[in-house]
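Listed below are the residues making up each chain.
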Amino acid sequence: MFTPLIGMPQGAEWLIILAIVILVFGAAKLPELARGTGQALRIFKTETKGLRDDDEKEKGEKVEKPAELTASEKERIAELERREAEIKAERERLSGN
């Protein structure tokens, strides 16, 4: 049986990789990097779902419609957007822009 020369990192190897990433990018940039990665993954997922939905439409299969947001969910989204705007304004104020 074929065994790969390089395996997946485990335990302490992940800590070493994390330390190198912190040294290269700096601790202040890590949240921004993670946020950007999360947004990219979210976009990727929606695009692949859209492609699957398009394929199902072409085949004539029934496509589920996304559920409508409830009033409490809409309020929660509005609250989160307001907080995000406050954080952005505070970040700009602290950075001197």
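Look above for the structure.
The rules behind these values
Residues numbered from 1 in each chain as written. Predicted model: local features only at pLDDT ≥ 70, side-chain atom pairs only at ≥ 80, totals over all residues. Heavy atoms only, no water. Helix = DSSP H or I, 4+ residues; strand = E, 2+ residues; numbered from the N terminus. Buried < 20%, exposed > 50% of the residue type's maximum accessible area, 1.4 Å probe, protein only. Areas by Shrake-Rupley, 256 points an atom, 1.4 Å probe, with all protein chains shown as cover. 1 Å grid on protein atoms, 1.4 Å probe; cavity = no way out; pocket = protein on both sides within 12 Å on 5 of 7 lines; lining within 4 Å. Points joined across faces, edges and corners; volume = space filled by probe spheres on them. Nonpolar A, V, L, I, M, F, W, Y, C, P; charged D, E, K, R; others polar. Salt bridge = Lys/Arg side-chain N within 4 Å of Asp/Glu carboxyl O. Expected span 1.5 Å × (residues − 1). Polar contact = N/O pair within 3.5 Å; in protein donor to acceptor, adjacent residues only side chain to side chain.

Asker: Help me understand the overall build of the protein chain in this model?
Answerer: Check the secondary structure of the protein chain and you find 3 helices and 0 strands. Listing each helix as α and each strand as β along the protein chain from the N terminus yields α-α-α. Residue burial in the protein chain is summarised as follows: out of 97 residues, 1% are buried. Of the roughly 9,400 Å² that the protein chain leaves accessible, carbon and sulfur atoms contribute 62%.

Asker: How should I be thinking about the layout of surface pockets in this particular structure?
Answerer: Gaps between atoms show up when a probe of the same size as a water molecule is rolled over them. Roughly 300 Å³ of internal volume is contained in the largest pocket. Lining of the largest pocket is provided by Ala-28, Lys-29, Pro-31, Glu-32, Arg-35, Gln-39, Arg-42, Glu-84, Ile-87, Lys-88 and Arg-91. Counting only elements with at least two residues in the lining of the largest pocket, the list comes to α2 (30-59) and α3 (71-95). Tallying contributions element by element places α2 first for the lining of the largest pocket, with 5 residues. Of the residues contributing to the lining of the largest pocket, the split by class is 3 nonpolar, 1 polar and 7 charged.

Asker: Help me understand the pattern of salt bridges in this model?
Answerer: When the charged atoms of two side chains with opposite charge come close together, those side chains can pair. The full count for this structure, using the stated rule, is 5 salt bridges. With its nearest N and O atoms 2.5 Å apart, the salt bridge here joins Arg-93 to Glu-90. Highlighted residues: Arg-93 and Glu-90, both in helix α3, separated by 3 residues, approximately one helical turn. Residues participating in the shared-partner salt-bridge network are Glu-79, Arg-82, Arg-83 and Glu-86.

Asker: Would you take a moment to explain helix α1 (residues 12-25) for this structure?
Answerer: For α1, built from 14 residues, the straight-helix expectation of 20 Å at 1.5 Å per residue is met to within 8% by its first-to-last C-alpha distance of 20 Å. The first or second residue beyond α1 is Gly-26, which carries a positive phi of 85°.

Asker: Sorry, what's going on with the environment of Thr-70 here?
Answerer: Relative to the assigned elements, Thr-70 resides in the loop between α2 and α3. On the basis of relative accessible area, Thr-70 is assigned to the partly exposed category, the value being 40%. Looking at Thr-70, its side chain comes within polar contact range of the side chain of Ser-72, at 3.2 Å.

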